[in-house]
Amino acid sequence: MGEVGVRAFGAGDLDGAARLLVERHVEHRRRHPLLRWDFEDVKLARVAVTEAWELEGASGAVAERGGEIVGYLLGAPKGKVWGPNVWVEAAGVAARDAEVVRDLYGVAAARWVDEGRTAQYVVVPDDARLIDAFFRLGFGAQHAHALRGPFDAEVKVPAGLTVRRAERRDVQALAELDLVLPRHQGLSPVFSAGEVPSLEEAVADWDESVDDPEFATFVAEVNGRVVGSAIGCSLEKSSTHQGVARPDNAGFLGFAAVFPEDRGHGAGRVLGETVLKWCADVGYDSVVTDWRVTNLLSSRTWPRLGFVPTFQRLHRLIGY
């Protein structure tokens, strides 16, 4: 078959990379047919790869065998909240042989580390071979993107619980619940460094947005007291799910939280089902959500509601 040569990615490699992305996406859609079909068109795939290449600070590597491109890897930095970082987004990697990804990373990462980009993130399809290649490069699983079809069942509300649309009188409770998730994510075993807003900031945000018709906010009550909330909206409102990772006409389960002292009533499940039912009633063809895989609550609750991981975000911190 010939030796594989690896070099820095250049603008002349976009067509070959686009063809590889098409091949990857065709295989991915065999497992997840709700993903966008139009990225099987090389023209749209080229747009996605070009966008990854044209990000500020982008760089990467390409692998060739016999003059043909057989793999590529592209990454670029983004917000300081992620540390001295580089991100390989969903259109940033494809290879006919997953082992070639290790060679691609060996070339690309040398530049990234020279630039001080030691916090490294990669969004990859749920391809066991591809994930294994990154695991053997020192990456670990951090975050899951997941998808499911329309919810076609009735929401079963446990006795003692009430679920309804949020109203302006709920602003204080909604603001307090906004702090529950980031606080939980900061605990073991997640240890997220995400910033927790102040209660005053959260109240101000909800006071402005509680009536926004583009978001469906629901609350769960026990004895007339709000114990949890969840938000549904169009996936187009999400900055996390973009391009090849964004299904057409999809709803988004964007947030859910229950006060720690009120867990055990089934509020989290019923709030999730309520958002799913709302998405079905609106007419979305699918629903997307995501979670930290080290969050023991969400990583168990959302798969039980039928969400199947489609992409994994992997993470490596260099130098430790």
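Given the structure is predicted, the values throughout are model-derived calculations rather than measurements.

With that out of the way, let us pick up the environment of glutamate 27. Mapped onto the elements, glutamate 27 comes out in helix α1 (residues 14-31). In this structure the side chain of glutamate 27 is engaged in a polar contact, spanning 2.6 Å, whose partner is the side chain of arginine 30.

With omega at 5°, the peptide bond leading from serine 188 into proline 189 counts as cis. Within the element layout of this structure, proline 189 appears in the loop between α5 (171-185) and α6 (199-209). The backbone of phenylalanine 191 shows a phi angle near 60°, a positive value even though the residue is not glycine. According to the relative accessible area criterion, phenylalanine 191 is exposed, its value standing at 57%. A positive phi angle, near 55°, is found at asparagine 223, a position not held by glycine. Here asparagine 223 is to be found in the loop between β9 (215-222) and β10 (225-234).

Another aspect to go through is the pairing of strand β11 (residues 250-258). In terms of residue burial, β11 counts as a mostly covered element, since seven of its nine residues are buried. Where β10 and β11 come together, seven bridges link them in antiparallel fashion. Opposite serine 229, over in β11, you have alanine 257 as the bridge partner. With three bridges joining them, β11 and strand β12 (residues 286-292) adopt parallel strand pairing. Considered in β12, the bridge of phenylalanine 252 is made with valine 288. Taking the sense of rotation as the criterion, the β-α-β connection linking β11, helix α7 (residues 267-282) and β12 turns out right-handed.

As a further point, take the nonpolar core. Core analysis: the biggest nonpolar cluster contains 33 residues, and Phe9, Leu21, Val49, Tyr72 and Phe311 have the highest contact counts within it. If we ignore the near neighbours within four places in the chain, the residues touching leucine 21 are Ala45, Ala48, Val49, Tyr72, Ala91 and Ala94. If you look at the next biggest cluster of nonpolar residues, it comprises 25 residues, including Val258, Ala267, Val270 and Val275.

A word on the sheet that holds strand β3 (residues 68-75). Read across the sheet, four strands follow the order β1-β2-β3-β5 without closing on themselves; strand pairing throughout is antiparallel. Looking along the sheet, the strands with just one partner apiece sit at the ends: β1 (5-8) and β5 (93-95). Strand after strand, the sheet turns through a mean of 20° between neighbouring axes, direction not considered. The pairing of β1 with strand β2 (residues 59-65) spans four bridges and is antiparallel. Each bridged residue has a counterpart across the sheet, and for arginine 7 the counterpart in β2 is valine 62. Across the sheet, α1 touches β3 and β5, and the angle it forms with β3 is around 90°.

Rules and cut-offs
- Residues numbered from 1 in each chain as written.
- Predicted model: local features only at pLDDT ≥ 70, side-chain atom pairs only at ≥ 80, totals over all residues.
- Heavy atoms only, no water.
- Helix = DSSP H or I, 4+ residues; strand = E, 2+ residues; numbered from the N terminus.
- Polar contact = N/O pair within 3.5 Å; in protein donor to acceptor, adjacent residues only side chain to side chain.
- Buried < 20%, exposed > 50% of the residue type's maximum accessible area, 1.4 Å probe, protein only.
- Pairing = 2+ DSSP bridges.
- Right-handed = clockwise from strand over helix to strand, strands pointing away.
- Core = buried A, V, L, I, M, F, W, Y, C linked by side-chain atoms within 4.5 Å.
- Contact = heavy atoms within 4.5 Å.
- Axes fitted to C-alpha atoms, helices over the stretch in contact; angles between N-to-C directions.

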